[in-house]
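# Notes for the structure review
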Amino acid sequence: MPQYNPPLRDMKFVMHELLNVVDELKLLPAHAEVDADTINAVLEEGGKFASEVIAPLNLSGDAEGCKLDKSSHEVATPKGFKEAYKQYVEGGWPALSCDPEFGGQGLPVLVNQCMYEMMNSANQAWTMYPGLSHGAYEALHAHGTPEQKTTYLPKLTSGEWTGTMCLTEPHCGTDLGLLRTKAEPQADGTYKITGAKIFISAGEHDMAENIVHLVLARLPDAPEGSKGISLFVVPKFLVNADGSLGARNPIFCAGLEHKMGIHANSTCQMVLEGAVGTLVGQPNKGLAAMFVMMNAARLGVGNQSLGLTEVAYQNAVAYAKDRIQMRALSGPKAPDKPADPIIVHPDVRKMLLTARAYAEGGRALATYVALQLDKALASDDEDERRSADAEVALLTPIIKAFITDNGWIATSHCMQVFGGHGFIHEWGMEQFVRDSRINMIYEGTNTIQSLDLLGRKILANNGATLKKFGKKIAEFVEEEGTDEAMQEFVNPLADIGDKVTKLTTEIGMKAFQNPDEVGAAAVDYLRVVGHLTFAYFWARMAKIALEKKDSGDPFYTAKLATARFYFAKLLPETAGLIRSCRAGLSPLMEMDEALF
Ligand SMILES: Cc1cc2nc3c(=O)[nH]c(=O)nc-3n(C[C@H](O)[C@H](O)[C@H](O)COP(=O)(O)OP(=O)(O)OC[C@H]3O[C@@H](n4cnc5c(N)ncnc54)[C@H](O)[C@@H]3O)c2cc1C
């Protein structure tokens, strides 16, 4: 069975040495009292929950899966899931970064970010149940009526109820403008909702007493397309005026999907047969309201792959030190043994270091974005709130797509380290690969993320937000440019920064002639910008590691070696990606559709 050790040392490094989060949080009135000891203590306890309670259920949950009782429409989760969730609720974990007004602990988002990384490493399928609830909490917190907030937020905060997002229908996934589910207004101000949803994660289960579904549907007079979508809150059990549970609402699980991974998360076909719901936000503005949940979920999905990258790496390292096969080409390294441990072989090291560089780079980026989210939510300076919000919007598709693509590469490499044993269930590595694959698909496929980045977030505002982020990179390059020891990091960082600027202008010009040029370049472009962000954080981490490398703490020696590996072996991938971007649209469109 795979093992998991919460990477608390690296989390502390990122928070307290790289990002100085406590100083930054002190400037936000809501978090002025938060200190490093509190953050560290919460994460230490959170790490125990992840590694001791839910990690042991990962392999068995995958093998057992969820079961639907078609007569009652109830879904049973795998053995131990319900009990672990009870422990999670009793420990107060769902409330960590929720609003104190609704029973939350009011801790910064970045604490939740680290907590979720650990839970994702331990058990992605289990973690999706509370993860979706937190997304529903955020959407209702931002757009719910006072009554909806009082009814639902305390229960979502405590974890007594869980949440879902019901968007997808059989004929519409990416293009939600096509959705058909109907909402009929009733005399009492509620709506009766009828339709079919598919692929609804955590749509039905036995872990909580009620499930709060956020459902997209159309009003009778709604305009066509995405401008005619409204958002509704539809509970599994109706809620009485005193807060107690009332009648069963007709929103049922009609089937469970049989899928490649995350077997222990129930992926439900949901049928709504006149289910009672109330409107969230304005009529026909449902997509905008739902975007609060979708943005949170996009960051959450990036975090799922970050967690999988870390846990796959840890297990692959342990295996590579233990497994002996062949001798090093340069002669025996373990002459007392019949063969050398495979960690002596350069390519095994390349696979391990790739996963490590992606895990640590991803952690730095994701924690940085969580800190910006804290500023966007809690700063008392409107300019700061707006600018942090714009940066989060820019970096969200990068977290979603770059980290999940990297997670797929990393988990596959780590499985490869195990040779044939990686392909065998009991080692757990093939599960990490299978579980990581969905992260590139749901919450907007990675292609859609890249179109969002290049089209909406960059070209639509003439690259203003990218330039602002680029300015931070340029300032760092300027500051460190004269330090001899930093040249190996600063020069390639400056180089990739220049290349991104030129590439963006080039694609922008081509897109004036033909907007399809954006679609042709977007996926490669996102990967290049992803590397730009990683190069920035790796250079900053290298600076700290250089300063502290003589401290005797091997942590900094390893950090420096990983930074060097990243710049020498992973960043150069951008050269090929840029060439591919420049090749443009015609190689993709030249062939007639009939010839495919
Ligand atoms: C396990 C699982 C859990 C899920 N959980 C949920 C959930 O909880 N709630 C929910 O509402 N949904 C959920 N989904 C649905 C998921 O978000 C969708 O599958 C996803 O958004 C893609 O939609 P689709 O499957 O219909 O693919 P399509 O939209 O049919 O896309 C097919 C392909 O076409 C590409 N494509 C589409 N449009 C364009 C374009 N303009 N340019 C370039 N390429 C394009 C896509 O990138 C994709 O590769 C889940 C799905 C799965 C498999």
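Residues numbered from 1 in each chain as written. Predicted model: local features only at pLDDT ≥ 70, side-chain atom pairs only at ≥ 80, totals over all residues. Heavy atoms only, no water.

### A look at the packing of helix H8 (residues 286-322) against helix H9 (residues 346-378)
For clarity, the threshold we go by: Under this scheme, a helix contributes an axis fitted over its contacting stretch, all axes are lines through C-alpha atoms, and angles between N-to-C directions fall in the 0 to 180 degree range. Strands here are runs of E lasting at least two residues and helices are runs of H or I lasting at least four, both read from the DSSP assignment and numbered beginning at the N terminus. Should an angle lie under 35 degrees it is considered roughly parallel, over 145 roughly antiparallel, and from 65 to 115 roughly perpendicular; all remaining angles are considered oblique. If you view the pair so one helix is near and one far, a crossing is left-handed when the near helix is turned anticlockwise from the far one by less than a right angle, and right-handed when it is turned clockwise. Two residues form a contact once any of their heavy atoms are found within 4.5 Å. Only Asp, Glu, Lys and Arg are considered charged in this grouping, and only Ala, Val, Leu, Ile, Met, Phe, Trp, Tyr, Cys and Pro are considered nonpolar; every other residue, Gly among them, is considered polar.
Axis separation between H8 and H9 bottoms out at 9 Å; the angle between their running directions is 150 degrees. Relative to H9, the element H8 is oriented roughly antiparallel. Every pair of crossing elements has a handedness; the one defined by H8 and H9 is left-handed. When H8 is examined against H9, the residues Leu-299, Leu-306, Thr-309, Glu-310, Tyr-313, Ala-316, Val-317 and Ala-320 are found in contact with a partner set consisting of Val-348, Leu-352, Ala-355, Arg-356, Tyr-358, Ala-359, Gly-362, Arg-363, Ala-366, Val-369 and Leu-373. Residues of the contact of H8 with H9, tallied by class, amount to 14 nonpolar, two polar and three charged.

### Topic: the pattern of salt bridges
Note the following rule: Should a side-chain nitrogen of Lys or Arg be within 4 Å of a carboxyl oxygen of Asp or Glu, the pair is scored as a salt bridge. Exposure categories follow from relative accessible area, calculated using a 1.4 Å probe and restricted to protein chains: below 20% of the type maximum is buried, above 50% is exposed, and the middle band is partly exposed.
In this structure the tally under the stated criterion is 32 salt bridges. Note that Arg-363 is salt-bridged to Asp-10, the shortest N-O span being 2.7 Å. With a gap of 353 residues between them, Arg-363 in helix H9 and Asp-10 in helix H1 (residues 8-18) connect regions that are remote in the sequence. Notably, a salt bridge pairs Glu-24 with Lys-375, separated by 2.8 Å at the nearest N-O pair. Of the two residues, Glu-24 sits in helix H2 (residues 21-26) while Lys-375 sits in helix H9, which places them 351 residues apart along the sequence. Taking relative accessible area as the criterion, Glu-24 reaches 27% and is therefore assigned partly exposed.

### Quick look at the site of the ligand
Test applied: We call a residue near a molecule or strand as soon as one heavy atom of that residue lies within 4 Å of the molecule or strand. Counting of polar contacts relies on pairs of N or O atoms within 3.5 Å, with two restrictions inside protein: one atom must be capable of donating a hydrogen and the other of accepting it, and residues adjacent in sequence are counted only when both atoms are side-chain atoms. Here the open area of atoms and residues is found with the Shrake-Rupley method and a 1.4 Å probe, where only the protein chains shown may cover a residue.
Around the ligand lies a shell of 19 residues, among which Thr-168, Thr-174, Phe-199, Ser-201 and Thr-445 are the nearest. Measuring from an oxygen atom of the ligand, one finds a backbone N or O atom of Leu-167 at 2.9 Å. A distance of 2.8 Å separates a nitrogen atom of the ligand from a polar side-chain atom of Ser-201. Computed on the free molecule, the ligand has an accessible area of 970 Å², of which 63% lies beneath the protein chains in the complex.

### With respect to helix H11 (residues 429-437)
For H11, the tally of buried residues reaches eight of nine residues, placing the bulk of the element in the interior. Looking only at H11, the buried set comprises Met-429, Glu-430, Gln-431, Phe-432, Val-433, Arg-434, Asp-435 and Ser-436. Taken together, the buried residues of H11 touch helix H4 (58-64), helix H6 (109-143), H8 and helix H10 (382-417).

### Looking at helix H17 (residues 573-583)
Residue pairs three or four apart in sequence face the same way in an α-helix, which turns once every 3.6 residues. Keep this limit in mind: Note: the arc covers the axis-to-C-beta directions of the helix.
The set of residues buried in H17 consists of Thr-574, Leu-577, Ile-578 and Cys-581. Each buried residue of H17 sits inside an arc of 100 degrees when the element is viewed along its axis, so together they form one side. On the buried face of H17, the contacting elements are helix H14 (487-513) and helix H15 (516-548). Residue Gly-584 follows H17 closely and has a positive phi angle near 70 degrees.

### With respect to the pairing of strand E5 (residues 191-201)
The cut-off we apply is this: Strand pairing is assigned whenever DSSP detects at least two bridges linking the two strands.
Two strands pair when backbone bridges link them, and strand E4 (residues 182-185) and E5 are joined in this way by four bridges, in the antiparallel orientation. Note that in E5 the partner of Glu-184 across the bridge is Lys-192. Connecting E4 to the next strand, E5, in antiparallel fashion are five residues, including Gly-189 with a positive phi near 90 degrees. In this sheet, strand E11 (residues 267-280) lies alongside E5 in antiparallel orientation, the contact comprising nine bridges.

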